[in-house]
Amino acid sequence: MPSSSRSSGGWRLPGALFVVLSLVYLLTISPNPSPDVYSADFAAGHIARTGEPVPEISDFPALDHNIIRETWIVETTDGREAVGRAPGVIAASVPAYWLLRPDGVTAVPGGITAALLTAGTVTLLFLTLRRRIEPRHALLASLLFGLTTPVWSVAADGLWPHTLTCFGIVGMAWAADRDRWWAVGLFGGVALWGRLHAALICAVLAVAVAVVRRQPAIVARVGLVSGAMLGLMSVWTRWMYGSWDPSSGYRAGDFTGNAGANLFDVVNLLGFWVAPDRGLLLWTPILVVLAPALVRGWRDLPDWSRALLASGVAYLLVQGVLVRFSGGDQFYGYRTSLELLACAAPALALTAHHRGRVARAVFAPVAVLQLVMITPGAVVDGFYLKVAHVWTRNAFVWGPADRPVLWSMLVLAALAAAGAFAVGWSKTKARPL
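Cut-offs applied
Residues numbered from 1 in each chain as written. Predicted model: local features only at pLDDT ≥ 70, side-chain atom pairs only at ≥ 80, totals over all residues. Heavy atoms only, no water. 1 Å grid on protein atoms, 1.4 Å probe; cavity = no way out; pocket = protein on both sides within 12 Å on 5 of 7 lines; lining within 4 Å. Points joined across faces, edges and corners; volume = space filled by probe spheres on them. Helix = DSSP H or I, 4+ residues; strand = E, 2+ residues; numbered from the N terminus. Nonpolar A, V, L, I, M, F, W, Y, C, P; charged D, E, K, R; others polar. Contact = heavy atoms within 4.5 Å. Buried < 20%, exposed > 50% of the residue type's maximum accessible area, 1.4 Å probe, protein only. Arc of directions from axis to C-beta. Polar contact = N/O pair within 3.5 Å; in protein donor to acceptor, adjacent residues only side chain to side chain. Expected span 1.5 Å × (residues − 1). Salt bridge = Lys/Arg side-chain N within 4 Å of Asp/Glu carboxyl O. Core = buried A, V, L, I, M, F, W, Y, C linked by side-chain atoms within 4.5 Å. Axes fitted to C-alpha atoms, helices over the stretch in contact; angles between N-to-C directions. Left-handed = near helix turned anticlockwise from the far one by under 90°. pLDDT = per-residue confidence, 0-100. Phe/Tyr/Trp six-rings, centres within 6.5 Å; stacked < 30°, edge-to-face > 60°. Patch = residues over 30% accessible without salt bridge, like charges linked within 9 Å, V, L, I, M, F, W, Y side chains within 5 Å. Areas by Shrake-Rupley, 256 points an atom, 1.4 Å probe, with all protein chains shown as cover. Parallel < 35°, antiparallel > 145°, perpendicular 65-115°, else oblique.

A. Spotlight on empty space enclosed by the protein. Tallied over the full model, the rule gives one cavity of 30 Å³ or more. The calculated volume of the largest cavity comes to roughly 40 Å³. Around the largest cavity, the lining residues are Asp41, Phe42, Gly45, Arg49, Tyr97, Gly104, Val105 and Thr106. Broken down by element, the lining of the largest cavity gets its largest block of residues, four residues, from helix H3 (residues 35-50). Residue composition of the lining of the largest cavity, grouped by class: three nonpolar, three polar and two charged.

B. Geometry of the side chain of Ser311. As for its placement among the helices and strands, Ser311 is situated in helix H17 (residues 303-322). In this structure Ser311 touches Ile201, Val204, Leu205 and Cys343, once residues within four positions along its chain are discounted.

C. How the structure looks around helix H14 (residues 266-274). Within H14, the full set of buried residues consists of Asn268, Gly271 and Phe272. All buried residues of H14 lie within an arc of 100 degrees about the axis, which places them on one face of the element. The residue sitting at the N-terminus of H14 and contributing the capping side-chain oxygen is Asp265; that oxygen lies 3.2 Å from the backbone nitrogen of Val267.

D. Molecular detail of helix H6 (residues 108-130). Over its 23 residues, H6 runs 33 Å from end to end, which matches the ideal 33 Å to within 8%, given 1.5 Å per residue. Among the 23 residues that make up H6, 20 are buried, leaving the element largely enclosed by the rest of the structure.

E. Structural context of the environment of Thr351. Mapped onto the elements, Thr351 comes out in helix H18 (residues 338-351). Apart from the residues lying within four places of it in its own chain, the contact partners of Thr351 are Ala293, Leu294, Gly297 and Leu301.

F. Region of interest: the pattern of salt bridges. This structure, assessed with the given rule, holds nine salt bridges. Residue Asp179 pairs with Arg213 through a salt bridge whose shortest N-O separation is 2.7 Å. Within this pair, whereas Asp179 is found in the loop between helix H9 (161-177) and helix H10 (181-194), its partner Arg213 is found in helix H11 (residues 199-213), the two being separated by 34 residues in sequence. Arg324 serves as the salt-bridge partner of Asp265, at 2.8 Å between the closest nitrogen and oxygen. Of this pair, Asp265 sits in the loop between helix H13 (252-262) and H14 while Arg324 sits in the loop between H17 and H18; the two residues are 59 residues apart in sequence, bridging distant segments of the chain.

G. Inspection of the nonpolar core at higher detail. Tyr25, Ile90, Phe145 and Met172 are the most contacted members of the largest nonpolar core, which totals 138 residues. Not counting residues within four places of it along the chain, the set of residues in contact with Ile90 comprises Ala40, Ala43, Ala44, Ile47, Val83, Arg85, Trp236, Met240 and Tyr241.

H. Structural view of the packing of H11 against H17. Taken N-terminus to C-terminus, the directions of H11 and H17 make an angle of 140 degrees; their axes are 8 Å apart at the nearest point. Crossing hand, H11 versus H17: right-handed. Between H11, through Leu200, Ile201, Val204, Leu205, Ala208, Val209, Val212 and Arg213, and H17, the contact on the second element is made entirely by Asp303, Trp304, Ala307, Leu308, Ser311, Ala314, Tyr315 and Val318. Among the residues forming the contact of H11 with H17, the class breakdown is 13 nonpolar, one polar and two charged.

I. Quick peek at the confidence of the model for the protein chain. On average, the protein chain scores 92 in pLDDT, and the residues at 70 or more come to 93%. Note that residues 1-8 has pLDDT below 50 and, in this model, 10 contacts with residues that lie over four places away or in other chains.

J. Spatial organisation of the packing of aromatic side chains. Applying the stated criterion across every chain yields a total of 10 aromatic pairs. An angle of 45 degrees between the planes, with centres 5.2 Å apart, marks the rings of Phe396 and Trp407 as tilted. Remark: Trp407 occurs in helix H21 (residues 404-426) and Phe396 occurs in helix H20 (residues 395-402); sequence separation between them is 11 residues. Each member of the pair Phe396 and Trp407 is classed as buried. The interplanar angle of 25 degrees and the centroid separation of 5.9 Å between the aromatic rings of Phe421 and Trp425 together place this pair among those described as stacked. Of this pair, Phe421 and Trp425 both sit in helix H21, separated by four residues, roughly a single helical turn. Its relative accessible area of 23% is what places Trp425 among the partly exposed residues. Through pairs of rings, three or more aromatic residues link up here, namely Phe167, Trp174 and Phe187.

K. The side chain of Ser234, seen in detail. Structurally, Ser234 is set in helix H12 (residues 217-241). Ser234 sits in the buried class, given a relative accessible area of 13%. Among the polar contacts made by the side chain of Ser234, one reaches the main-chain carbonyl oxygen of Trp244 at a distance of 3.1 Å.

L. Molecular detail of a nonpolar patch on the surface. On the surface, Val266, Val267, Leu269, Leu270, Trp273, Val274, Leu282, Val313, Leu317 and Trp391 cluster together into a nonpolar patch covering about 830 Å² of accessible area. Counting residues per element, the ones that place at least two in the nonpolar patch are H14 and H17. Ranked by residue count, the leading element in the nonpolar patch is H14, at six residues. Relative to the helices and strands, Val313 resides in helix H17.

M. Inspection of the packing of H14 against H17 at higher detail. Orientation of H14 relative to H17, taken along the N-to-C sense of each, is 130 degrees, at an axis distance of 9 Å. Considering the angle they form, H14 stands oblique to H17. Viewed along their axes, H14 and H17 form a crossing whose handedness is right-handed. Of the residues in H17, those in contact with Asn268, Leu269, Phe272 and Trp273 of H14 are Leu316, Leu317, Gln319 and Gly320.

Okay, here's the thing in structure tokens:
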């Protein structure tokens, strides 16, 4: 169990972390994100202005003459065209559009929402880890999660589904560590509002912990609240699309059609891990460095963290059946593996002290490499690659060929930031436990 000295820490450090990350994320949101994000922002802005769920699609020029226009459009039960996105990515930014009242179509209020939500995600991770490891190590783990991975370049860049799923997953970890199973269900509901099949993560977490502890009430508490969130999701789709089916925001037939083709597609499954421009291990090699420590410390982990990691693996397997690993265009790094990253983060951080000699030697260089790699595409739009090149190129490596001066400036800035952090880190001391 966590010691009382660590669990009763103050709010100055997490508050400062939230403020700093919010500023970084707010300064780097995308004003012209992928149509996946922009179309949801368009729908949210229309709801905020009019209170009506179905906008006039012709008012959104980003979809005019787009060869895959149908990707972002669904038909309501009365035959009208509506923006087809997950309910959460539309609903979450409605308050920002209502407060800011922008003129015309803009993605900025949605980006602000994404930035603040993601800063909250990283802060929740810190609060979770601080109960079990030394605060400065919890801070380092949280910064690695929030600033050296596509959490920055994707989740904080615009209101993708992953903005909500990562927030929900880390929220589930925070609540599970405190045995607040009602809250686990609530955060699980947030995750499924971002992506419906993220309900699998919540379900596996609750069932696994309930079995290990022999406490079936855990499943009941989590299921009651997350089930209520699913019910509210159906209310939303009934209002917006005229259907109680919670999957109405997507063309569900596309996913079921993919299932037959992807079920035994080894290349698609490998793409999540090792594709040069979408592979989890290519962009986040710290996972390889920490994997042996995870194995060594597995038995010492709290049960909820083991269950959460297992749920992330199960979710990625389902992802491999439902969608292509590449995830489309106009984003930097990977996005379809972000849920697994969020599920693995607590377990990796809590076992990092089991690193061997080689892992300790390469840990800092690999962490700096990740920061350097993610910075160009997180700060500036346009460094991403088209889906046709995900097996042959890498957006970071290709950056010098595309915009060499800007790429070099951003890489140098990342190195300077890493150096300043290293100097500050060396001057701090571990707090006695």
